[in-house]
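Spelled out from the first residue to the last, the chains are:
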Amino acid sequence: MTILITGASGRTSGFVIRALLQSNSVSPSDLRLFVRSQDKVKKLKQEYPELPESSFAIGDLLEASTLPPALKGVDIVFHNGPAFHSLETAMGIALIDAAKRAGVKHFVYCSVLFPVLTKLLNHGAKFPVEEHLIESGLNYTILEPTSFMQNVELQSVVETSVLPASYTPDVLQGYLDLEDLAEVARLVILNPAPHNRARYELVGQNCTFYDVAKAITGHVGQEIKVEQVPREKAVSKMATRLNLSTDYAVEGLDRMLYY
């Protein structure tokens with residue numbers, strides 16, 4: 001079985017890669033990591049020295065000619081689109097079409113919880129991809145995760161005793177551990193038949209920023225205070241952390257925090 005993983009150098013796909021490599025059912029040669037440059041390949045080789053040269057495919061989801069070589073002989077695709085990219089929808093649709101032509105047996109799409117919230121650019125971009133996948137005729141599973149626990153910069157919070165709130169602190173928000181998402185993805189990838197045409201909303205515990213601060217306080221034995229950050233400053237910080245600079249990305253972040 002050959003598994004293609006897009007966004008392989010990113011955080012989310014990285015958790016999925018590690019979960020698969022920790023499974024006794026997957027050998028390093030079963031993986032094919034799709035990245036955009038040789039520099040990304042070099043980085044991944046350092047992180048996963050057990051992977052052979054055949055485990056890497058360089059291409060661009062917007063360059064059609066690079067998709068057939070990457071998909072040749074692939075059985076399962078795990079696709080996670082780039083965050084806040086203005087052409088994320090086009091990328092997903094292009095990959096689905098290429099996967100169908102290549103004879104891929106199952107397509108796992110990592111979407112987002114409530115893609116119908118189209119006022120949010122990062123949600124609305126995924127809605128047409130889900131629709132296209134459902135109508136494609138491919139066997140598929142759609143994962144719809146909420147926001148991730150790892151978005152809380154825990155080390156900084158403990159060092160400063162402050163939990164920055166990028167939106168209203170008493171708003172409930174789901175928190176999902178990326179390790180849990182990766183475990184679900186692993187189960188689906190390794191045994192896709194029971195999950196064919198399924199759509200899973202993946203959520204963790206709903207908490208406010210105050211709840212999160214209280215939980216951290218209980219674990220580290222020091223009081224953690226919540227401080228709301230002005231939206232403009234929060235957007236700027238998130239854009240820097242995620243290496244996002246386009247107007248579309250900044251607008252997407254701003255809408256997300258406002259919403």
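Here the structure is a predicted model, which is why all the values come from computation and not from measurement.

### Section: helix α6 (residues 127-135)
Working step 1: Within α6, burial applies to Val-129, Glu-130 and Leu-133. One face of α6 carries all of its buried residues, which in axial projection span an arc of 100°.
Working step 2: The elements touched by buried residues of α6 are α4 (88-102), β5 (106-110), β6 (140-145) and β9 (198-202).
Working step 3: Downstream of α6 by one or two residues, Gly-137 has phi in the positive range, about 90°.

### Observations concerning the packing of aromatic side chains
Working step 1: Going through the model one piece at a time under the given rule, you end up with one aromatic pair.
Working step 2: Between Tyr-167 and Phe-209, the aromatic rings sit 4.8 Å apart at their centres with planes inclined by 55°, giving tilted as the arrangement. With Tyr-167 in the loop between β7 (162-165) and β8 (173-175) and Phe-209 in helix α9 (residues 209-220), the pair connects residues that are 42 residues apart, well separated along the chain. For the pair shown, Tyr-167 and Phe-209 are each scored as buried.
Working step 3: Positioned above the aromatic ring of Phe-15 is the side chain of Arg-18, whose terminal nitrogen or guanidinium carbon lies 4.8 Å from the ring centre.

### A few points about the pattern of salt bridges
Working step 1: Evaluated as defined, the whole model comprises 11 salt bridges.
Working step 2: The shortest N-O distance in the salt bridge between Lys-105 and Asp-75 comes to 3.3 Å. Of this pair, Lys-105 sits in the loop between α4 and β5 while Asp-75 sits in the loop between α3 (67-71) and β4 (76-80); the two residues are 30 residues apart in sequence, bridging distant segments of the chain.
Working step 3: Here Glu-144 makes a salt bridge to Arg-199, at a shortest N to O gap of 3.1 Å. One end of the pair, Glu-144, is in strand β6; the other, Arg-199, is in strand β9, and 55 residues separate them in sequence.
Working step 4: The class for Glu-144 is buried, based on a relative accessible area of 1%.
Working step 5: Shared partners join several salt bridges into a network, and the residues in it are Glu-144, Arg-199 and Glu-201.

### Some details on the sheet that holds strand β1 (residues 3-5)
Working step 1: Read across the open sheet, the seven strands follow the order β3-β2-β1-β4-β5-β6-β9; overall the sheet is parallel. Each edge of the open sheet is held by one strand with a lone partner, namely β3 (56-58) and β9. This sheet shows a mean twist of 15° between the axes of neighbouring strands, independent of strand direction.
Working step 2: Examined bridge by bridge, β1 and β4 share three bridges and lie parallel to one another. Bridge pairing links Ile-3 to Ile-76 in β4.
Working step 3: Its contacts with the sheet put helix α2 (residues 38-47) on β2 (31-35) and β3, and the angle it makes with β3 is roughly 160°.
Working step 4: Contacts from helix α8 (residues 178-190) reach β1, β4, β5, β6 and β9, with the element oriented near 175° to β6.

Calculation rules
Residues numbered from 1 in each chain as written. Predicted model: local features only at pLDDT ≥ 70, side-chain atom pairs only at ≥ 80, totals over all residues. Heavy atoms only, no water. Buried < 20%, exposed > 50% of the residue type's maximum accessible area, 1.4 Å probe, protein only. Helix = DSSP H or I, 4+ residues; strand = E, 2+ residues; numbered from the N terminus. Arc of directions from axis to C-beta. Contact = heavy atoms within 4.5 Å. Phe/Tyr/Trp six-rings, centres within 6.5 Å; stacked < 30°, edge-to-face > 60°. Lys NZ or Arg CZ within 6 Å of the ring centre and 35° of its normal. Salt bridge = Lys/Arg side-chain N within 4 Å of Asp/Glu carboxyl O. Pairing = 2+ DSSP bridges. Axes fitted to C-alpha atoms, helices over the stretch in contact; angles between N-to-C directions.

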